[in-house]
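Chain residues, written in single-letter form:
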Amino acid sequence: MLDTLKKRFEKALGLLKNKGKLTEEDVSEAVREVRRALLEGDVSLKVAKELTQKIKERATQREVLDSITPAQQIQAIVYEELVNLMGGKTSKGIVFAPKPPTVCMMVGLQGAGKTTTCVKIAKKLKGGHKPLVVACDLKRPAAVEQLQILANTAGVGFFGPKAGEGDLKKLIRDAMEYAASRLHDVIILDTAGRLHIDDELMRELVEIKEIASPTEIMLVLDAMTGQEAIRVAEAFHGELALTGLILTKMDGDARGGALLSAKAVADVPVKYIGVGEKLDDIEVFDPEQMAQRILGMGDLKALAEKVKEAAEGVDMEKVAKSLTKGKLTMEDLLQQIRQIKRMGPLEKIVEMLPGGGKIKELAGSEMDDKRLKHIEAVILSMTPEERRNPKIIKGSRRKRIAYGSGTSVQMVNQVLSYHKNMNEIFKQLKGRKGKGFRLPKGL
Ligand code: GDP
């Protein structure tokens, strides 16, 4: 996510590292790099100028330049300004109505990801709420069908127009009644999209707004469209008074322009970001987290959440038992691998670590999810006896496992040696008793 922008910022701030004291010239050079990073990221000229001006003003103050860690202080200033630019500590996610139902109207151009996002949000809310998604497009039956299919997949309520229905007001009223009768407390309206903004679309959206009195009107924007997204936001905001923006396709090679300019231009906060095609690929947007990611400071909060999610359903007692035994079976290893897999693509995980960009560069193809699948396949091709006692896995067994798992003897050897190394760690943990322990070779 935002790889180019991250690299540029790393370069800009890298100019200041390893320098004991900074001169105003050092700061100017770094700020010029920051500006270049922003402009290359397709941030609007106005926003780039204002931001760099602020950073420069703050960074050239004497107490910053004379401090023991000027580079860190300047990083902190850039961080704060980025957070402010992206909305500061604004409300996160949907704001619920004081009295249910909360009506959330989703608007946007065709292809921005509106339908997918409606269902992603409904799925995210499903734990504590009973959301209903409503198809409001009377002209495109395919759009209605798409919403219905996605809603079924996600296991959330769906309401849509009957074939040939042409009265939008009636549809919205029916949807509200349906929601009330089934105790849905959040109603998400998937409004019609067009390829371009036109008067008819806007009239229709204003009409829906009047009938449904939504608490939230959120515009879904494709982050890959950069500055164009900002123009779309201004047009929709002018007609509808938006309450939030959602930027989709942040997982692609979006350069960041839309994200960093949105709040400054339309003064509407970004509430969610879409980070993939799957229905779980959505995050409540948090300016602090995003600034940390952009500056390579890692995103430990998101990582902690991922770890927590992945740990759900893991038998901790069993893990603790293997620890006290000081022995790790292949079954334990399999569970570990599955846990890592549940956390999602390794690339995304590594990005959340401090300096993640650098780790990714170093690791290259090693950070491959395919590798995890291969390890899993190898373990699954072992007999229960082999899993309990991997020592018996010699030449012919290795060949059989390689064949059975569709991998190679080399891969089987790697899994066995990984298991052996992990076991050494377990043994040391058991016998540690307050002493430190060394990592085995190769890890
Ligand atoms: P709509 O016309 O605005 O309703 O857009 P759709 O919901 O049909 O989405 C258009 C395309 O964008 C679909 O192929 C989605 O899978 C894809 N899409 C939506 N959100 C994301 C996202 O966050 N990341 C990626 N990679 N694709 C997305």
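Given the structure is predicted, the values throughout are model-derived calculations rather than measurements. (Residues numbered from 1 in each chain as written. Predicted model: local features only at pLDDT ≥ 70, side-chain atom pairs only at ≥ 80, totals over all residues.)

> Looking at this structure, how should I read the site of the ligand?
Around the ligand sit 18 residues in total, of which Gly113, Lys114, Thr115, Thr116 and Gly274 are the nearest. With three residues, the single largest contributor to the shell around the ligand is helix 6 (residues 114-125). Taken together, the residues of the shell around the ligand sort by class into two nonpolar, 11 polar and five charged. (Near = placed C-beta within 6 Å. Helix = DSSP H or I, 4+ residues; strand = E, 2+ residues; numbered from the N terminus. Nonpolar A, V, L, I, M, F, W, Y, C, P; charged D, E, K, R; others polar.)

> Looking at this model, I keep getting lost on the sheet that holds strand 7 (residues 270-274). Mind explaining?
Strands belonging to one sheet form pairs held by backbone hydrogen bonds; the direction of such a pair is parallel or antiparallel. Strand order in this open sheet of eight strands is 3-2-4-1-5-6-7-8, and the pairing throughout is mixed. In the strand order of this sheet, the two ends are held by strand 3 (157-159) and strand 8 (282-284), each with one partner. Adjacent strand axes in the sheet meet at a mean angle of 25° when their direction is disregarded. Sheet topology places strand 2 (residues 131-135) next to strand 3; three bridges connect them, and they run parallel. Within strand 3, the position partnered with valine 133 by the bridge is phenylalanine 158. Those strands touched by helix 7 (residues 141-154) are strand 2, strand 3 and strand 4 (186-190), and its axis lies near 160° from that of strand 2. (Pairing = 2+ DSSP bridges. Axes fitted to C-alpha atoms, helices over the stretch in contact; angles between N-to-C directions. Contact = placed C-beta atoms within 7 Å.)

> I'm lost on the nonpolar core in this one. Help?
The nonpolar side chains of a soluble globular protein tend to be buried with one another. Within the largest apolar cluster, 98 residues are counted, with the highest numbers of intra-cluster contacts made by Ile188, Leu189, Leu221, Ala233 and Leu245. With six residues, the top contributor of residues to this core is helix 2 (residues 24-40). Both domain 1 (3-85) and domain 2 (102-294) contribute no fewer than three residues apiece to this core. Setting aside its immediate chain neighbours within four residues, leucine 221 contacts Gly108, Ala112, Ala229, Val232, Ala233, Leu245, Ile246, Leu247 and Ala258. The next biggest cluster of nonpolar side chains, apart from the first, holds 11 residues, and it includes Met330, Ile379, Ile401 and Val415. (Core = buried A, V, L, I, M, F, W, Y, C linked by C-beta atoms within 7 Å. Buried ≥ 20, exposed ≤ 12 C-beta atoms within 10 Å, placed from the backbone. Domains from an automatic or database assignment.)

> Whenever I open this one, helix 8 (residues 168-181) confuses me. Can you help?
In an α-helix there are 3.6 residues to a turn, and that puts residues three or four apart on one side. Taking 1.5 Å of rise per residue, 14 residues should cover 20 Å, and helix 8 covers 20 Å from first to last C-alpha, within 8% of that figure. Residues of helix 8 that are buried include every one of Leu171, Ile172, Ala175, Met176 and Ala179, and no others. Buried positions in helix 8, seen along its axis, are confined to an arc of 135° and lie on one side of it. Among the exposed residues of helix 8, those oriented more than 90 degrees off its buried face are Lys169, Lys170, Glu177 and Ser181. Check the buried side of helix 8 and you find it contacts strand 2, strand 3, strand 4 and helix 9 (199-212). One or two positions beyond helix 8, positive phi appears at leucine 183, with a value near 60°. (Expected span 1.5 Å × (residues − 1). Arc of directions from axis to C-beta.)

> When you look at the pairing of strand 5 (residues 216-222) in this model, what are you seeing that I'm missing?
Here is the key point about a regular strand: its side chains alternate between the two faces of the sheet. Counting buried residues in strand 5 gives seven out of seven residues, a clear majority hidden from the surface. Alignment of strand 1 (residues 102-107) against strand 5, held across four bridges, turns out to be parallel. Residue pairing in the sheet places methionine 105 in a bridge with isoleucine 217 of strand 5. Pairing of strand 5 with strand 6 (residues 244-248), which is carried by five bridges, proceeds in the parallel orientation. In the strand pairing of strand 6, leucine 221 is matched with leucine 247. Viewed along the sheet, the connection from strand 5 through helix 10 (residues 227-240) into strand 6 turns out right-handed. (Right-handed = clockwise from strand over helix to strand, strands pointing away.)

> Can you help me understand the packing of helix 10 against helix 11 (residues 257-266) in this one?
Geometry of a packed helix pair, given as the angle between the helix axes and the separation of the axes. At a closest axis distance of 9 Å, the pairing of helix 10 and helix 11 adopts a crossing angle of 30°. Compared by their axis directions, helix 10 and helix 11 come out roughly parallel. Here the hand of the crossing between helix 10 and helix 11 comes out right-handed. Residues Gln227, Ala229, Ile230, Ala233, Glu234 and His237 of helix 10 form the contact with helix 11, whose participating residues are Gly257, Ala258, Ser261, Ala262, Val265 and Ala266. (Parallel < 35°, antiparallel > 145°, perpendicular 65-115°, else oblique. Left-handed = near helix turned anticlockwise from the far one by under 90°.)

> Whenever I open this one, the environment of alanine 229 confuses me. Can you help?
Topologically, alanine 229 is positioned in helix 10. Expressed as a C-alpha distance, the spacing of alanine 229 and glycine 257, which sit 28 residues apart in the sequence, is 9.0 Å. With residues near it in sequence (within four places) discarded, alanine 229 still touches Leu221, Asp222, Ala223 and Ala258.

> Help me understand helix 10 in this model?
For helix 10, built from 14 residues, the straight-helix expectation of 20 Å at 1.5 Å per residue is met to within 8% by its first-to-last C-alpha distance of 20 Å. All buried positions along helix 10 are accounted for by Ala229, Ile230, Val232, Ala233 and Phe236. Buried residues of helix 10, seen end-on, are gathered within an arc of 160° and therefore sit on one face of the element. Of the surrounding secondary structure, the elements contacted by the buried residues of helix 10 are strand 1, strand 5, strand 6 and helix 11. Immediately beyond the C-terminal end of helix 10, within one or two residues, lies alanine 241, with a positive phi of roughly 55°.

> Help me out: how do you make sense of the UniProt feature "domain: SRP54-type proteins GTP-binding" (unreviewed entry) in the chain in this one?
As annotated by UniProt and renumbered to match this structure, "domain: SRP54-type proteins GTP-binding" (unreviewed entry) occupies residues 269-282. Within the segment residues 269-282, helix and strand shares are 0% and 43% respectively, and the terminal C-alpha atoms sit 16 Å apart. (UniProt positions renumbered as here; feature names shortened; annotations may be inferred.)

> Can you help me understand the pairing of strand 6 in this one?
Summarising burial for strand 6: five of the five residues are buried, a large majority. In strand 6, alternate side chains face the same way, and those of Gly244, Ile246 and Thr248 on one face and Leu245 and Leu247 on the other are all buried. In the sheet, strand 6 pairs with strand 7 via three bridges, with the strands oriented parallel. Bridge pairing in strand 7 links leucine 247 to isoleucine 273.

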